[in-house]
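# Understanding the architecture of this molecule
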Protein chains: 2
Amino acid sequence: MADKFPYNRKKRLFKKAEQTELSIDLLASAIQSGDRKSLAQGITLVESKAVHHRKKASQLVQQLLPGTGNSIRIGITGVPGAGKSTWIETFGLKLAEEGHKIAVLAIDPSSSLSGGSILGDKTRMEELSHHANVFIRPTPTAGTLGGVHRMTRETMLLCEASGYDVILIETVGVGQSESMVRGMVDFFLLLALTGGGDELQGMKKGILELVDAILINKADGDNISKAKKAKSEYRQLLHFLQPATKGWTTSAYTCSAHTGEGIEEAWMLIKTFVQKTKENGVFDSRRSSQALDWMNQMVIDRLFDDFMHHPGRKEELADLKSRVLNGSLSPTEAVEMLFSP
Amino acid sequence: MADKFPYNRKKRLFKKAEQTELSIDLLASAIQSGDRKSLAQGITLVESKAVHHRKKASQLVQQLLPGTGNSIRIGITGVPGAGKSTWIETFGLKLAEEGHKIAVLAIDPSSSLSGGSILGDKTRMEELSHHANVFIRPTPTAGTLGGVHRMTRETMLLCEASGYDVILIETVGVGQSESMVRGMVDFFLLLALTGGGDELQGMKKGILELVDAILINKADGDNISKAKKAKSEYRQLLHFLQPATKGWTTSAYTCSAHTGEGIEEAWMLIKTFVQKTKENGVFDSRRSSQALDWMNQMVIDRLFDDFMHHPGRKEELADLKSRVLNGSLSPTEAVEMLFSP
């Protein structure tokens, strides 16, 4: 399909998209037809911070909305070194060979902990990125968490509208992005090593209660027995914790992205999860509450942003905060002062 | 001190407090002098929803602020049946006998899970409630989480200004109030039983990473060996999780509120915690960030409330939400529509 629109035409299309309503229609159709370059352009529009782009992007998403939602959305997290890129490459290639269309979106690629720039990520997934059924896109690092959230979600919708039926969202496993990813995927996977407690120290608190499965990666060669031991440790631990998804038991498994061992089983597990949660209604109710939570968060972000943009507000707030911190002003009184005319 | 102001005089004082600036001064002095009925009146003012009371309450808190902050703030959580009331009674009486002044504040007393009304709580803590050094006050159940948060924090400040040097905040261990309590105390304690994983299933996710100690209660009689086993299970589990407080190792211990075994040790543990966190700066930096977080949350609540009070907003929002839910509107577009003039 990539041959359908030669590159120059797409460039013109995007130029036009900035000017007329009609061109959003064209871009939308091209995305729906599965054209990769148009999809990339649509995502660039979604990522743009220019106000007139925001409006167009919103129109584009709105127009593509009916064709979205038909994918399995999978989040993948793990400490740096857990082998996320290699795992995604092995897993993604397997699915692509079976005829699935895979979109890989990476969050916080520039994190100092991720050990790789955007280019680095792409290099690590070289074979995958050249497959006709695979689309790889890192989310830009700039901007607020709210901004990254919106861009990633809308990028996901665009990919779905373009026919991608498996979306993989990779994140580095530290900080707030874990909750954000949990808030946009159906299935959340933790790639772990044999480090156990030491390994988890660096991760987000409560990560084990956010995920639907733990895969102990690198279970190959001399490492197999250690991986099996880690698996049973994690299973014991999970007995004490609450599952992330109602009606589903989070458990631990071993795999090796290097040998391919356990990769097929991981895909079976995810398919079982989807089937089970669709049957008991959890799949749909989660998607609904994800959409509403996101909407609420956008409302709050917008209100707070608008509030902070009043002239002198930043200075006023900084002053009130310092008085709260030195104990001369109660937080309640500070808020009263902020809102008094 | 309770004899200093006869009841009728206090009643007049409170009446006056509604009318003149001066009476807030009087109420503040009476609270500072340790008068219990005045403290109770101050708290009633803080809990009032009437707009003119809110302003007075804010003034009162502001006036008492210099005398606050000198207590140890302890949160206590656990499933219903973990023996929180009995534990607080035993622990509180011990400290009261040593000359400490103890304030006990209970959050969500009416929760169906707490197994007791306000009166029920008071009955269960009967001996404690009659001690001259002890002040017990349940937080009213009505209102939003934000409202309960503000009332509990301001009640705590009033108690501190009145000379109470140990504040115990009890919560039932489910839902959002756990994070709220963690956001206002120095030390957070989980009272557990020997149920392990089954027991934790009913609690807030990640509760083990919110608390500074786990006390296995009811370690007496035939239950001692089971309690010891639970203790070592929890300790193993904690090895995998992250401590709630930087520089402090959350661990598990046994105790019996019935026999008094382990109660002295719990108090020693809390004192060690306070000393250690004061030395490494965590105590003060936590208090500072708690104040700022609270202030930020109040700003957000206020903005959202104001926004929701526009005429027709609720209906508009409900309509947009249902369109988001049926897939005909993207959340981003819905938010755009909410904010368009």
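Being a predicted model, the structure only gives us computed values, none of them experimental.

About the thresholds
- Residues numbered from 1 in each chain as written.
- Chains lettered and ligands numbered in written order.
- Predicted model: local features only at pLDDT ≥ 70, side-chain atom pairs only at ≥ 80, totals over all residues.
- Heavy atoms only, no water.
- Helix = DSSP H or I, 4+ residues; strand = E, 2+ residues; numbered from the N terminus.
- Buried < 20%, exposed > 50% of the residue type's maximum accessible area, 1.4 Å probe, protein only.
- Contact = heavy atoms within 4.5 Å.
- Areas by Shrake-Rupley, 256 points an atom, 1.4 Å probe, with all protein chains shown as cover.
- Least-squares fit on C-alpha atoms with pLDDT ≥ 70 in both.
- Domains from an automatic or database assignment.
- Buried area = accessible area lost by both parts, 1.4 Å probe.
- Salt bridge = Lys/Arg side-chain N within 4 Å of Asp/Glu carboxyl O.
- Polar contact = N/O pair within 3.5 Å; in protein donor to acceptor, adjacent residues only side chain to side chain.
- Nonpolar A, V, L, I, M, F, W, Y, C, P; charged D, E, K, R; others polar.
- Pairing = 2+ DSSP bridges.
- Axes fitted to C-alpha atoms, helices over the stretch in contact; angles between N-to-C directions.
- Expected span 1.5 Å × (residues − 1).
- Core = buried A, V, L, I, M, F, W, Y, C linked by side-chain atoms within 4.5 Å.
- Phe/Tyr/Trp six-rings, centres within 6.5 Å; stacked < 30°, edge-to-face > 60°.
- Lys NZ or Arg CZ within 6 Å of the ring centre and 35° of its normal.
- Parallel < 35°, antiparallel > 145°, perpendicular 65-115°, else oblique.
- Left-handed = near helix turned anticlockwise from the far one by under 90°.

## Some remarks on the overall build of chain A
Tallying secondary structure elements over chain A gives 15 helices and 7 strands in all. Residues counted as buried form 55% of the 341 residues belonging to chain A. In chain A, of all internal contacts separated by at least 6 residues, the share reaching a separation of at least 24 is 75%. Accessible surface, chain A: about 14,700 Å² in total, of which carbon and sulfur atoms supply 54%.

## Remarks on the relation of the copies chain A and chain B
Copies of the same chain, two in number, are related to each other by a rotation about an axis and a translation along it. It takes a turn of 180° to lay chain A on chain B, together with a shift of 0.1 Å along the axis; the resulting RMSD is 0.1 Å. Both copies of the chain, as the preceding transformation shows, are related through a two-fold rotation axis. Ranked by how close their C-alpha atoms come to the rotation axis, the residues of chain A are headed by Gly206(A), at 2.5 Å. By residue overlap, the copies meet face to face through one surface: 100% of the interface positions of chain A are interface positions in chain B.

## A closer look at the domain arrangement of chain A
All names here are of chain A. Examined at the domain level, chain A breaks down into domain 1 (12–63), domain 2 (68–280) and domain 3 (292–339). Residue-level contacts link 17 residues of domain 1 with 22 residues of domain 2. On the domain 1 side of the interface with domain 2, the three residues burying the most area are Arg36, Leu39 and Glu47, jointly 38% of the side's total. On the surface where domain 1 and domain 2 come into contact, there are 1 salt bridge. Here domain 1 is connected to domain 2 by 7 residue pairs in polar contact (both at pLDDT 80 or more). Taken together, the elements giving at least two residues each to the side of domain 1 that touches domain 2 come down to α2 (21–32), α3 (36–47) and α4 (51–64).

## Focus on the interface of chain A and chain B
In this assembly, 56 residues from chain A lie in contact with 56 residues from chain B. Approximately 5,200 Å² of surface area, both sides summed, lies buried where chain A meets chain B, with 66% of it carried by carbon and sulfur atoms. At the junction of chain A and chain B, the tally comes to 14 residue pairs in polar contact (both at pLDDT 80 or more). With 14 residues, helix α13 (residues 282–308) of chain A is the largest single contributor of residues to the side of chain A that touches chain B. Grouping the constituent residues of the side of chain A that touches chain B by class yields 29 nonpolar, 15 polar and 12 charged.

## Observations regarding the sheet that holds strand β1 (residues 72–77) of chain B
Within a beta sheet, neighbouring strands are joined by backbone hydrogen bonds and run either parallel or antiparallel to one another. Residue and element names in this part refer to chain B. Taken in spatial order, the 7 strands of this open sheet run β3-β2-β4-β1-β5-β6-β7, and their pairing is parallel. A single partner strand is all that each edge strand has here, and the edge strands are β3 (134–138) and β7 (251–254). Looking at each pair of strands side by side, their axes are set apart by 20° on average, direction ignored. Across 5 bridges, β1 lies against strand β4 (residues 166–170) in parallel orientation. Within the sheet, the bridge partner assigned to Ile72 lies in β4 and is Val166.

## With respect to the sheet that holds strand β5 (residues 187–192) of chain A
All names here are of chain A. Reading across the sheet, the 7 strands line up as β3-β2-β4-β1-β5-β6-β7 and stay open at both edges, with parallel pairing between neighbours. Two strands in the sheet have a free side with no partner beyond their single neighbour: β3 (134–138) and β7 (251–254). Ignoring which end each strand starts from, the neighbouring axes of this sheet average 20° apart. Running over the sheet, helix α11 (residues 224–240) touches β5, β6 (213–216) and β7 and is turned about 175° from β7.

## Comments concerning the environment of Asn280(B)
Residues and elements named next belong to chain B. Mapped onto the fold, Asn280 is located in the loop between α12 (263–279) and α13 (282–308). The class of Asn280 is partly exposed, set by a relative accessible area of 41%. Considering only alpha carbons, one finds Asn280 and Gly247, 33 residues apart in sequence, at a separation of 7.9 Å. Excluding residues within four positions of it along the chain, Asn280 makes contact with Lys246 and Gly247. Within the structure, the side chain of Asn280 is placed 3.0 Å from the backbone nitrogen of Val282, a separation counted as a polar contact.

## Some thoughts on the pattern of salt bridges
Throughout the structure, instances matching the rule amount to 21 salt bridges over all chains. Here Glu336(B) and Arg302(A) are joined by a salt bridge, their closest N and O atoms 4.0 Å apart. On the criterion of chain membership, the pair formed by Glu336(B) in helix α15 (residues 331–339) and Arg302(A) in helix α13 is interchain, its members lying in two chains. Between Arg313(A) and Glu316(A) there is a salt bridge, with the nearest N and O atoms lying 3.7 Å from each other. In this pair, Arg313(A) and Glu316(A) are both assigned in helix α14 (residues 313–325), 3 residues apart and thus about one turn of the helix distant. Shared partners join several salt bridges into a network, and the residues in it are Lys94(A), Glu98(A) and Glu264(A).

## Regarding helix α5 (residues 84–97) of chain A
Residue and element names in this part refer to chain A. In a regular helix each residue adds 1.5 Å, so 14 residues correspond to 20 Å; α5 covers 20 Å between its end C-alpha atoms and thus fits that length. Counting buried positions over the 14 residues of α5 gives 11, a clear majority of the element. If you check which residues of α5 are buried, you get Lys84, Ser85, Trp87, Ile88, Glu89, Phe91, Gly92, Leu93, Lys94, Leu95 and Ala96. Of the residues flanking the end of α5, it is Gly99, one or two places downstream, whose phi is positive at about 105°.

## Observations regarding the environment of Gly92(B)
Topologically, Gly92(B) is positioned in helix α5 (residues 84–97). A C-alpha to C-alpha distance of 9.9 Å links Gly92(B) and Ile263(B), two positions 171 residues apart in sequence.

## Here we look at the nonpolar core
Among the nonpolar cores identified, the biggest contains 172 residues, and Ile74(A), Trp87(A), Ile214(A), Ile74(B), Trp87(B) and Ile214(B) are the most heavily contacted of them. Those residues within four positions of Ile214(A) in sequence are excluded, and the remaining contacts are Leu190(A), Ala192(A), Leu208(A), Tyr234(A), Leu238(A), Ser251(A), Ala252(A) and Tyr253(A). Among the nonpolar cores identified, the runner-up in size contains 34 residues, and Leu329(A), Val335(A), Ala334(B) and Phe339(B) belong to it.

## Quick word on the packing of aromatic side chains
All names here are of chain A. Taken as a whole and judged by the stated rule, the model has 14 aromatic pairs over all chains. On the basis of an interplanar angle of 20° and a centroid distance of 5.1 Å, the ring pair of Phe307 and Phe339 is categorised as stacked. Taken together, the positions of Phe307 in helix α13 and Phe339 in helix α15 (residues 331–339) put the pair 32 residues apart, joining distant regions of the chain. With relative accessibility at 19%, the residue Phe339 sits in the buried group. Each member of the aromatic cluster is reached from another via a ring pair, and the members are Trp87, Phe91 and Trp267. A cation over an aromatic ring shows up here: Lys278 above the ring of Phe283, its NZ or CZ 4.8 Å from the ring centre. Sitting above the plane of the Phe307 ring, Arg313 keeps its charged end 3.8 Å from the centroid.

## Remarks on the pairing of β4(B)
Residues and elements named next belong to chain B. The buried count for β4 comes to 5 of 5 residues, which makes it a mostly enclosed element. The sheet contact formed by strand β2 (residues 102–106) and β4 spans 5 bridges and is parallel. Each bridged residue has a counterpart across the sheet, and for Val104 the counterpart in β4 is Leu168.

## Quick notes on the packing of α13(A) against helix α14 (residues 313–325) of chain B
Direction vectors running N to C along α13(A) and α14(B) enclose 140°, while the axes themselves pass 9 Å from each other. Here α14(B) runs oblique to α13(A), going by the angle between their axes. Considering how the two elements wind past one another, α13(A) and α14(B) form a crossing that is right-handed. Together, Ser288(A), Ala291(A), Leu292(A), Met295(A) and Asn296(A) of α13(A) and Leu317(B), Leu320(B), Lys321(B), Val324(B) and Leu325(B) of α14(B) make up the contact between the two elements. For the contact of α13(A) with α14(B), the residue count by class is 7 nonpolar, 2 polar and 1 charged.

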